[in-house]
Amino acid sequence: MGNSASDGVWRTNNENTAGEVYSNVGSISATNINTIPGGCFPAVVYEDRDATNGLAAVIRSVDASSKNNKARGELIYSSTNWNSRPSSVSFEYQYSSYNNENFEVNVFIKDKNGNTIGVGTRPNTAEANSDYQTCRVVIDYSVENENAAAIEILFASAESSFSTASSTTTVEAPDPSGGTGSVSYPATYTSFAGVKEGSVLKIDNVTLNYEEE
């Protein structure tokens, strides 16, 4: 995505919930499917969607332990080496809402001085759904005679920064031992409170669209 895939970076807010690196916790290994490390569970991971589509991003509201604040998951793309003005951003998504929350998508296009010249937000029609659907975020430009120089796209599991989390549940994340598969983390395990999950947004195939004016 972008002028080219190497023009920008993807980042997450995993440091808000994953307060410790994957490591052994006492005599319990982080790779043991019956436990997760204390204070460590990422808000953004990936999963195998299916054989045709490959990997998808999983962005969830999470409270991994009493050491961490409840936080929504955030996946952000940004680039300061930008020179185009897309008309919209489209992506495929699946959304499981907790407590009637909505997910958030914001797109910002900026000029060379850092001024915002274009903005896009999640349409109201994009709501909770059990199957992947396509969402298109239209970018409205307030300034027509300025070249674009930077872009930022935010995908978040909820509109509130400190999203609520439900009771403990079973979730999956990439194998911390470095394997190519995923590990299921159960709802309860020895010595820790479990993974508390809130709303979950899954996204795939993010695309910038350009239309003739």
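Above this text you will find the structure in question.
A brief structural summary.

### A few points about the pairing of strand β3 (residues 54–63)
β3 sits mainly inside the fold: 8 of its 10 residues count as buried. Here strand β2 (residues 44–50) runs beside β3; their pairing, made up of 6 bridges, is antiparallel. For Tyr 46, the partnering residue across the bridge sits in β3 and is Ala 57. Taking the residues that link successive antiparallel strands as the turn, the β2-β3 hairpin has 3 residues. Across 6 bridges, β3 lies against strand β13 (residues 196–209) in antiparallel orientation. Its bridge partner being in β13, Val 58 is matched across the sheet by Lys 202.

### A word on the nonpolar core
Residues Phe 91, Tyr 93, Phe 155 and Ile 203 are the most contacted members of the largest nonpolar core, which totals 31 residues. Only β3, β4 (74–79), β5 (88–96), β6 (104–110), β8 (129–138), β10 (150–156) and β13 provide two or more residues apiece to this core. With residues near it in sequence (within four places) discarded, Ile 203 still touches Ala 56, Ala 57, Ile 59, Leu 75, Phe 91, Glu 92, Tyr 93 and Phe 155.

### Notes on the side chain of Asn 129
By the element assignment, Asn 129 lies in strand β8. Since its relative accessible area comes to 12%, Asn 129 is described here as buried. Among the polar contacts listed, one links the side chain of Asn 129 to the backbone oxygen of Tyr 93, at a separation of 3.3 Å. With residues near it in sequence (within four places) discarded, Asn 129 still touches Tyr 93, Gln 94 and Tyr 95.

Parameters and conventions
- Residues numbered from 1 in each chain as written.
- Predicted model: local features only at pLDDT ≥ 70, side-chain atom pairs only at ≥ 80, totals over all residues.
- Heavy atoms only, no water.
- Buried < 20%, exposed > 50% of the residue type's maximum accessible area, 1.4 Å probe, protein only.
- Helix = DSSP H or I, 4+ residues; strand = E, 2+ residues; numbered from the N terminus.
- Pairing = 2+ DSSP bridges.
- Core = buried A, V, L, I, M, F, W, Y, C linked by side-chain atoms within 4.5 Å.
- Contact = heavy atoms within 4.5 Å.
- Polar contact = N/O pair within 3.5 Å; in protein donor to acceptor, adjacent residues only side chain to side chain.

Shape is all these values report; function is a separate question.
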